[in-house]
Structure formats: structure tokens, C-alpha cells
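Fold and geometry: a report
Residue-level listing of the chains:
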Amino acid sequence: MAMSAPTDLAGPSRGFTREEGLALVLALLAHAGLIAALTLAPPGKTIMSPPERMTVTFADEIADQSTSPDPDTQAAPDVAPDLGEPLPQPAPPQPAPQVAPPQPQPKPAPLAPARPEPVPKPQPQPQPRPAPQPRAVPTPPVKPVAKPSAAAPLDPRQRTRPNAPGGASQLGADFLKGINTGTKPGATGNPADALSAEAKAAIRVTINRKVLPPWNSCPVNGLEIEKLRASVTFQLDRGGNVVSIATPVLSGQTPANTAQVSRFTECAVRAIKTAAPFSLPAESYDFWKNYKLNFRKE
Amino acid sequence: MRSPLVAGLCAPLLCAFLALSPAAEAAAQTGQSAPQAPQPQATDAATSPEEDVVGTINNDAAIAIPSFPTNEMLPTPADGGNTEALGRNLARVVYGDLKNNGLFKPVGPDALPPVTFGEVAAPAFPNWRARSAEMLVHGFVKAGPDGRLTVGCYLYDVALGSELARQGYVVKPEDWRRAAHKCADMVYSRLSGESPFFDSKIAYIAETGPKDHRRKQLAIMDSDGANHRFITNGQTTALTPRYSPDYSKLVYLSYMNGTPRIYIYDIESKQQRLVTEGKGPTFAPRWSPDGKFILYSMAIAGNTDIYRVSAGGGESIKLTDSPGIDVGGSYSPDGSRIVFESDRSGSQQVYVMNADGSNQKRVSFFGGRAATPEWSPRGDQIAFTHIAGDLRIAVMNPAGGEMRYLTDSWQDEAPTWSPNGRIVQFFRTAKTTGRTSIWQVDLTGRNERRLNTPVDGSDPAWGPVLP
């Protein structure tokens, strides 16, 4: 309505015809309407926020197997395979007065349970498992010893650690029931289905770092040496010592480097022998007990 | 594989006790892993992890060479006067050979504590490890009642604490350097895989006098420059000497009667004779590998061709028949083929033909000119002078492929090979003064070094390894 006045003024002064003026007004109105429509969000529609950015990692090694540790499947047993070991504690009365943490009253009680202790212990020994003693006496006795005493909190007599703090435990009596305990005597706990890439890389670096200096200090010189490759497979024991070295498999032989072939393979074997023993993580022994190195020089 | 080689080396030099205990040899070949060797491969090779170990090609083998002890200090006519001083000199020669070769980093007797006679067969490995020696050379010297010397030589791997090789030599006192060269040869060939070469001689042309009036004498010396001797007195110019394969003779070019002719000089009798009564000048003589024939070139009316003549004399057989200049034939080590230089295509290029002159084919096609080809004693390479502006020493395979430059100077020419085909020897002319000197370079193009000669030298030629 307010618009009509300007049109009237504009019309005669600029020489517009009435239709033209009308069309101009209509066009201006339509533009204003369009701008308003676009600027104001139409009601009833929500604006979608852009999706959050995601970090993508490219792994060159994928596996069907999980490499994350699974503490439950092969947990260390809570009972020593051989319960006879800790027996020879000749003085049961001594530890008794010091400890008995679950009991608020140290003095009256300890004397009574202290004596029966030697008796009940020999009993469980035949019961638990007579059979599973293939790995009889490695290290497990040491570790499990601590656990069994804790795993049977109902027997306060077993908690005889001399340095244990006094007072009540903050752990409930049922706490340990939630922990999975294993049955395999040799288990060391925390196994994974497969070795992680990081662990493999660490082993690779360890071996490479030890083998490279003796490989370099055994010079092989001549034409087309860079074409030679010697693949050497070797076997290690748990201590990282070389048990055996297979005959090197050579490739890349040419007429020009034939003379150097025997020294080349000899140097490869020498590098492994000189580098040993390797200090590698014992828990992944199955991974590195057989190893293959491809030697070359550039 | 190694023991026949050692035996072959040893026998002609009056070897008293023979090398290489069987155990050491077995260890050397199998790496001491023989018993359980196939086991890991058979069982777990498929699942075992696999890694690459990438080393560098270097010359970092630290070899300790202490003085060679003696069981009893006795006087000897050999260098040093007594066996104890001689033991030090022996170790010095071994050290010098290995050091100049460039493939190793030896430490000589003057920088090492002496060892006792008993340690030679039972080295104190911890001490040598502490000195960070990788390899250890031990030796001893004994004087016999007849004046002959017995020299023992042992090579040990310090890191492994094992013996790699041993040899012994009985020599006349004046040949004491040869025992040291044989010892260096044993170490060199055991560690490099190459055939030995230190115990060999070099013939060359010694040059003296002003640039426009050079006096050129035939001279010989050991491979390390020792025992230098002039053969001709320099009144007539001598060129391009070549040792016969048995070292008894030298064939060379002499301007004795004004025109260049080929003579055979007998080292023992000091007599020389003309190879052939040709019509024109003859030059560029070469022995066949068996020493029975001599290749030479003869120019008749501007046309030069290659001929073959029996070393004992007789009828010459013409092998090439092109209108250009065919010159400088050199036999392949099996004697079946000859590489030579020809300008039949318009410029000097390298050609190969059968030993009877058939099937002549050009093999050099890499721009510039190619001259003075020389077939490697190993057979897999041909060395030649490549001329494209500067003169440079280059090698290629017998088919003309894989050409590589070994040197980069103003004027390097006339390559010849060490007896094992690993080192190329040539002479270099200085740009300003025109003075010549003899140089050696490893087949890999590294370890270029100048040979010490009392006067300027050119046209070097290596003889075979001494028997």
C-alpha cells in the first residue's frame, strides 16, 4: 500500500506506462518475498548438523585373530600345582600373632588356629589334582603361592605374610570370586590370540639391530654384489641362543659375482652366530623360535 | 672347492706342511651348522617370521697382522739379518699388500704388540676382540739347517674364534718376500672370494729423459714394486711388453734396427730373438693363454692386419683381411676367441672374432672410439680405452654390454689385467708435463692408486701368479 505512492510518482516522471510501473512493483515485491523466505528458516524443519569427523587408520596388517590380551582364558592357576612346597614352615606360632588381618582382634584368636594349620594343609594336597603335573616344578610355584592364600580368604590361617598391614581388608569376601582363575600350570597369563604388530616390530628391531653390525663388518666386495640375496633360517632356544642354522638359500647370482657367493653366504651365517644370543620376550617365544633373515648389501 | 686351490698354490713353492685342517675347511664351507642344518627349514620355515637385513657394501674388515714370531732367533741372509727381524718384515709385506689392495683395513706389526710363538696356533682371541679386530693373521718363521726358511701363515676369524685358513711355505732366503705374498694371497682370496694375485710380477716401460727425446727401457718388478730390475739399457726404444704365461720370456716391441719389430726376450738366458721376419713393421704382441702362440699386427703398404705365429717361430697365419687397420688382438682365457681393435667402420672400435679369424663382429657401440681391448683372465669382462675427448679406461662384457668407466682423467690408456681379473692396470699421462705413471684400479672403479716406480712408467703388463 505504501508502495503505490512511489509508483505514482515514478510513473509519470520517468515516463513509465502504468503497466510497466505495476510490473516493476510486482517484481520488487516478489524479490522481497523470496529473500524473506530464504532468510527465515521455515518452521517445522530442523537443521541437521554436519557429521562429526572420524579418524581413520590404515593398518597394513589385519588378522582374523584378536591381538588384544585376554586375561581370562589362560590365567594363571590360583592353586599351586604342587601344594607341598610351602609346607616346611617350621614355626607356625610366630607369624600368627602378627597378622590375621581380617580379624580385628589379633591376640585371642591366632593362638587357636595356629596349631591346626599344619594338619589341614597336607590334606588338600592329594585332593586338588594329582594328574596335571607335566610341568611339575618350573617357576609357577612361586607365583601361585601368593594367590592361593588370597584365593581362599575363608581360611584366615593362610594369610601369614609377615609384612602384611594390619587391620581389616577393604575387599569384600566375594571379591576374588569374580576373578577367573586358570587351571593350566604353565600359563603365564595375559595371552592374546596373536602377537600385536607392535610386539612383532619390537622383535624385528631387536634382531636387526644385533645382526646388522656383524653383517657390515664382514665385507663382501665386487661387481653386482647388490644383486645377491642370502636367506637364512635359524632356530632359537628360549634364551635366545642359536640352536641351528639352515644352509643359506642364495639368489641373484651372476657371472660377475660368482666369486663372492661363498663368502657372502658365509658372512650371513657368521652375522647370526656373532649376534646371538638375542634378548627377546619369552612370552612370544612361539613367534620367534624360528626366524628367517634375508641378507643383502647395497 | 678351496682345498685344491690351496694345494695348487702350495705345491710348486715347496710346501712343507699342507694347509687347512679338515675341520676348519668344513667350518668354512658350511658355517659349522651342518649337523642340524635342514631341521628348521623342514619344520617351521613356512610359519617363521621373515625380515630383511640390508647392509652396506664397505671395506671395513679390520685385520690385525702382528709380527711373525720365530721359535729360535737364527741368522739368515734374508732381509733383517735374523729370523726375528725377518718375522717383522714378513708381516710388514703382508700388511702392505692388503692395505694397497683397498678391500681391507689392516693394522700392521708396527702398531701391534708382538705375539709369542705358541700364540700362533692358539691366538688370544679376547685380546684381539678388545682391539676390535675382526680378522687376525698370525704367522711364524723358522730357519732350517740348510738355510731355507719355513713360513707359516694362519687366518682367524676373531669374532667367531675360529680358524679360516692356514698355509705353510718353504723358501730360499732370497725368496722371503714371496712367502709373504703367498700369505697375503691366502688372506685375500679367502676373504674376497677372488683368486690370488699378489705373488706375481709386472713388466713395464720405464721412461726417462726430456719430453721430445724419451728413453724407454723394459723393466720388471714384483707386484708390490719390490725387486725392480731393468731388462734393456734404453739405447733402443722398447714398448708394450707382455710376460709369457710361465714367466720365462718377455715379448715386446723394439726399435732395434730402426723399424719396430717384435722380440722375445728369455729372462733366464738374457737372449732375445726376432719373432718373425716380416716384410713390414710388426707391433702389439700378445701371448695365447697356453703360451704356444703369439698374436701380432703387421703393417704392409698401409694395411695392418693381425697375424698368429707359433712362439717357437715358423709360418705366420693371417687372421684378419680388411682394408683398414686391425690391431692389438687379445685372447679370451680359454683361447677360443680374440678381441681386437679395427677402424674398418671409419673409427677405432672393438671387434671379437673366433681364434681362427672367423665370425668377426663389432661389439662396441657406445659413441666415441674404443681402442686397446684386453680380455680379462676371468673371461667375463673386456677392458679398453674409450676415447671421447679424454682417454678413459672402461670395461664391458664380451657382448659389448654394460659398459662402465673405471677412471676419469685426461689421458688413461693401455689397460691390462691382474692375473685374477679383479684389478685393471693402466698408465696415465699428465696433461702439462707429459710425464707418465702406472696406476691400478679395482674392477668396481674404487681404490684407484698409483704404483711406485723409480722413474716414470708406461705400458704396464701383469704376469700370471707365480707357480
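Residues numbered from 1 in each chain as written. Chains lettered and ligands numbered in written order. Predicted model: local features only at pLDDT ≥ 70, side-chain atom pairs only at ≥ 80, totals over all residues.

Regarding the overall build of chain A
Across its full length, chain A carries 8 helices and 4 strands. When the helices and strands of chain A are placed in sequence order, the string is α-α-α-α-α-α-β-β-β-α-α-β. Burial status across chain A gives 21% buried among its 298 residues. A fraction of 80% describes how many contacts in chain A between residues 6 or more apart in sequence connect residues 24 or more apart. (Helix = DSSP H or I, 4+ residues; strand = E, 2+ residues; numbered from the N terminus. Buried ≥ 20, exposed ≤ 12 C-beta atoms within 10 Å, placed from the backbone. Contact = placed C-beta atoms within 7 Å.)

Notes on the interface of chain A and chain B
By a widespread convention, an interface's size corresponds to the accessible area lost as its parts come together. Listed by partner, the interface residues are 44 residues for chain A and 36 residues for chain B. Only helix H6 (197–216), strand E1 (229–236), strand E2 (242–245), helix H7 (261–275), helix H8 (285–288) and strand E4 (290–297) of chain A provide two or more residues apiece to the side of chain A that touches chain B. Residue composition of the side of chain A that touches chain B, grouped by class: 20 nonpolar, 14 polar and 10 charged. Both E4 of chain A and strand E1 (residues 50–55) of chain B contribute to a ladder of 6 bridges, which runs parallel. Each residue of the ladder has a partner; that of Asn 294 of chain A, found in E1 of chain B, is Asp 52 of chain B. (Nonpolar A, V, L, I, M, F, W, Y, C, P; charged D, E, K, R; others polar. Pairing = 2+ DSSP bridges.)

Observations regarding the sheet that holds strand E2 (residues 62–64) of chain B
Residues and elements named next belong to chain B. With respect to topology, 5 strands assemble into an open sheet ordered E3-E2-E4-E5-E6, the strand pairing being mixed. Since the sheet does not close on itself, it has two edges, and those belong to strand E3 (105–107) and strand E6 (162–171), each with one partner. Taking each pair of neighbouring strands and ignoring which way they run, the sheet shows an average axis angle of 20 degrees. Pairing analysis gives 9 bridges linking strand E5 (residues 149–157) to E6, with the strands arranged antiparallel. For Tyr 154, the partnering residue across the bridge sits in E6 and is Arg 166. Sheet contacts for helix H4 (residues 83–101): E2, E3, strand E4 (135–143) and E5; angle to E4, the most-contacted strand, approximately 145 degrees. Sheet strands touched by helix H6 (residues 176–192): E4, E5 and E6. Its angle to E6, the strand with the most contacts, is close to 155 degrees. (Axes fitted to C-alpha atoms, helices over the stretch in contact; angles between N-to-C directions.)

Points about the sheet that holds strand E27 (residues 423–429) of chain B
Neighbouring strands of a sheet are bound in pairs by backbone hydrogen bonds; such pairs are parallel or else antiparallel. Residues and elements named next belong to chain B. Here we have 4 strands laid out as an open sheet, ordered E26-E27-E28-E29, and antiparallel in their pairing. Each edge of the sheet is formed by a strand with only one pairing partner; in this case those strands are strand E26 (412–417) and strand E29 (449–450). Across 4 bridges, the pairing between E26 and E27 is antiparallel. Looking across to E27, one finds that Thr 416 is bridged to Gln 425.

With respect to the environment of Ser 223 of chain B
Residues and elements named next belong to chain B. Mapped onto the elements of the fold, Ser 223 is located in the loop between strand E8 (215–222) and strand E9 (229–230). The buried category is assigned to Ser 223, around which 26 C-beta atoms lie within 10 Å. Sequence-wise, Ser 223 and Gly 463 are 240 residues apart; in three dimensions their C-alpha atoms are separated by 9.1 Å. Residues contacting Ser 223, with those up to four places away along its chain left out, are Phe 197, Phe 198, Ser 200, Lys 201 and Ile 202.

A short note on H6 of chain B
All names here are of chain B. Spanning 17 residues, H6 covers 24 Å between terminal C-alpha atoms, matching the ideal 24 Å at 1.5 Å per step. Burial analysis of H6 places 17 of its 17 residues in the buried class, the great majority of the element. Gly 193, located one to two residues past H6, shows a positive phi value of around 85 degrees. (Expected span 1.5 Å × (residues − 1).)

As for the environment of Ala 388 of chain B
All names here are of chain B. Relative to the assigned elements, Ala 388 resides in strand E23 (residues 382–388). The exposure class of Ala 388 is exposed, given the 12 C-beta atoms found within 10 Å. Separated by 21 residues in sequence, Ala 388 and Gly 367 place their C-alpha atoms 7.6 Å apart. Apart from residues lying up to four places away in sequence, Ala 388 is in contact with Gly 367 and Gly 368.

So, the pairing of strand E7 (residues 200–208) of chain B
Residue and element names in this part refer to chain B. Judged by how many residues are buried, E7 sits mostly within the fold: 8 of 9 residues are covered. Summarising the sheet, E7 and strand E30 (residues 456–465) pair through 6 bridges and their orientation is antiparallel. Paired with Ser 200 across the strands is Val 465, a residue of E30. Taken together, the 8 bridges between E7 and E8 define a ladder with antiparallel strand orientation. In the strand pairing of E8, Lys 201 is matched with Asp 222.

Comments concerning helix H2 (residues 18–39) of chain A
Structural remark: α-helix, 3.6 residues per turn; residues separated by three or four positions point the same way. Between its terminal C-alpha atoms H2 of chain A stretches 32 Å, which fits the 32 Å expected from 22 residues at 1.5 Å a residue. With 0 of 22 residues buried, H2 of chain A is to be regarded as a mostly surface element.

Structural notes on the pairing of strand E18 (residues 326–331) of chain B
Summarising burial for E18 of chain B: 6 of the 6 residues are buried, a large majority. A loop of 5 residues connects E18 of chain B with strand E19 (residues 337–342) of chain B, the two strands running antiparallel in sequence, and Gly 335 of chain B in this loop sits at a positive phi of about 75 degrees.

With respect to the nonpolar core
All names here are of chain B. Judged by nonpolar contacts, the single largest core of 63 residues is most densely connected at Tyr 296 and Val 424. Here the element with the most residues in this core is E7; it accounts for 5 residues. Once residues lying within four places of it in the same chain are set aside, the contact partners of Tyr 296 are Ile 262, Val 275, Thr 282, Phe 283, Ala 284, Pro 285, Tyr 307 and Val 309. (Core = buried A, V, L, I, M, F, W, Y, C linked by C-beta atoms within 7 Å.)

Remarks on the confidence of the model for chain B
Mean pLDDT over chain B: 85, with 90% of residues reaching 70 or higher. Here residues 1–46 of chain B scores under 50 on pLDDT; set against residues more than four positions off or in separate chains, the count is 65 contacts. (pLDDT = per-residue confidence, 0-100.)

Some remarks on the packing of H4 of chain B against H6 of chain B
Residues and elements named next belong to chain B. Following both chains from N to C, one finds H4 and H6 inclined at 45 degrees, their axes separated by 9 Å at the closest point. One finds that H4 runs oblique with respect to H6. When the axes of H4 and H6 are compared, the crossing they make is right-handed. Facing Leu 86, Leu 90, Val 93, Val 94, Asp 97, Leu 98 and Asn 101 of H4, the residues of H6 in contact are Trp 176, Arg 177, Ala 179, Ala 180, His 181, Cys 183, Ala 184, Val 187 and Tyr 188. Among the residues making up the contact of H4 with H6, the classes are represented as 12 nonpolar, 2 polar and 2 charged. (Parallel < 35°, antiparallel > 145°, perpendicular 65-115°, else oblique. Left-handed = near helix turned anticlockwise from the far one by under 90°.)

Topic: the packing of H6 of chain A against H7 of chain A
Residue and element names in this part refer to chain A. Here H6 crosses H7 at 130 degrees, and the two axes come no closer than 8 Å. With respect to H7, the element H6 is oriented oblique. Where H6 crosses over H7, the handedness of that crossing is right-handed. For the pair H6 and H7, contact is made by Lys 210, Val 211, Pro 214 and Trp 215 and by Cys 267, Arg 270, Ala 271, Ile 272, Thr 274 and Ala 275, respectively. Residue classes in the contact of H6 with H7 are distributed as 7 nonpolar, 1 polar and 2 charged.

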